[in-house]
Amino acid sequence: MSEQTGGFQPDTVLDACGLHCPLPLLKAKQALASLAAGQLLEVRSTDAGSWRDMASFTDQSAHTLEGREQRDDVYVYWIRKAGDAHS
C-alpha cells in the first residue's frame, strides 16, 4: 500500500529527520542532482529551520516547491526538479 501524502506521488523520498541545519538542505540538493528533470522529491525533516531553507532554496533555484506541510514535529516538502541543469 503506497502512502499518498498531500496528493503528491514523489519519485524519491528523502528522510532527513534528526539532521540539523544545513544538512536537510544539502541532502535535498544531492537527491535532486540524482533525479531526472521533472521528477518529484519528497523531503521529510524535523529541523524547524528547514521550513525557511527549502523555500529560500527553491526561490533562488530553477526548482519548484510544489507544496509543504507540517505534521506534528515533521516538516514535509515536495520539490520538483527543474527542467534543465540549473542545480
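Provided above is the structure to which this section pertains.
Within each chain, residue numbers correspond to sequence positions counted from 1 in written order. Only residues with pLDDT of 70 or above have their local features reported here, since the model is predicted, and side-chain atom pairs are shown and tallied only from 80 upward, although totals for entire chains, interfaces and linings are computed over all residues. To obtain the side-chain values, all non-hydrogen atoms of the structure were included, while hydrogens and water were left out.

**Q** Please explain the overall build of the protein chain as it appears in this structure.
**A** Secondary structure elements follow DSSP: runs of H or I no shorter than four residues count as helices, runs of E no shorter than two count as strands, and numbering proceeds from the N terminus. Each helix and strand counted, the protein chain has two helices and four strands in total. Secondary structure elements in the protein chain, listed N-terminal to C-terminal, are β-α-β-α-β-β. Exposure is judged per residue with a 1.4 Å probe applied to protein chains only, and the accessible area is read against the type maximum: over 50% gives exposed, under 20% gives buried, and values in between give partly exposed. For the protein chain, with 87 residues in total, the buried portion stands at 38%. Throughout, a residue-residue contact means that at least one pair of heavy atoms, one from each residue, lies within 4.5 Å. Within the protein chain, residue pairs in contact and separated by at least 24 positions form 66% of the contacts whose partners lie at least 6 positions apart. Note on areas: these come from Shrake-Rupley sampling with a 1.4 Å probe, and a residue is covered only by the protein chains present in the view. Here the protein chain displays about 5000 Å² of accessible surface, and carbon together with sulfur accounts for 47% of that area.

**Q** Which parts of the structure should I look at to understand the pattern of salt bridges?
**A** Any two side chains of opposite charge can pair if their charged atoms end up close together. Salt bridge, as used here: a side-chain nitrogen of Lys or Arg that lies within 4 Å of a carboxyl oxygen of Asp or Glu. A full pass over the atoms with the stated rule returns four salt bridges. The closest approach of N and O atoms between D53 and R52, which form a salt bridge, is 3.4 Å. The partner of R80 in a salt bridge is E66, and the shortest N-O contact between them spans 3.1 Å. Taken together, the positions of R80 in strand β4 (residues 74-80) and E66 in strand β3 (residues 64-71) put the pair 14 residues apart, joining distant regions of the chain. By relative accessible area, which is 34% here, E66 ends up partly exposed.

**Q** Whenever I open this one, the sheet that holds strand β1 (residues 12-15) confuses me. Can you help?
**A** Strand-to-strand pairing in sheets goes through backbone hydrogen bonds, with the strands running parallel or antiparallel. A pair of strands is labelled paired if DSSP reports no fewer than 2 bridges between them. Reading across the sheet, the four strands line up as β1-β2-β4-β3 and stay open at both edges, with mixed pairing between neighbours. Strand pairing shows two members of the sheet lacking a second neighbour, β1 and β3, which therefore form its edges. In this sheet, neighbouring strand axes are inclined to one another by 15° on average, regardless of whether the strands run parallel or antiparallel. Judged from the four bridges that link them, β1 and strand β2 (residues 40-45) form a sheet pairing that is parallel. Looking across to β2, one finds that D15 is bridged to R44. Fitted lines through C-alpha atoms give the axes, limited to the stretch in contact for helices. The angle between two N-to-C directions lies from 0 to 180 degrees. Relative to the sheet, helix α1 (residues 23-33) contacts β1, β2 and β4, its axis offset from that of β2 by approximately 160°.

**Q** Looking at this model, I keep getting lost on the side chain of E42. Mind explaining?
**A** Mapped onto the elements of the fold, E42 is located in strand β2. A relative accessible area of 1% means that E42 is categorised as buried.

**Q** Before we go on, may I ask you to explain the pairing of β4 in this structure?
**A** Along any regular strand, the residues point their side chains to alternate faces of the sheet. Taken across its seven residues, β4 has five buried, putting it largely inside the fold. Across six bridges, the pairing between β2 and β4 is antiparallel. Bridged to L41 within β4 is I79. One ladder, built from seven bridges, connects β3 with β4; its direction is antiparallel. Paired with Q70 across the bridge in β4 is Y75. With antiparallel pairing between neighbouring strands as the criterion, β3 and β4 make up a hairpin whose turn holds two residues, including D72 at a positive phi of roughly 55°.

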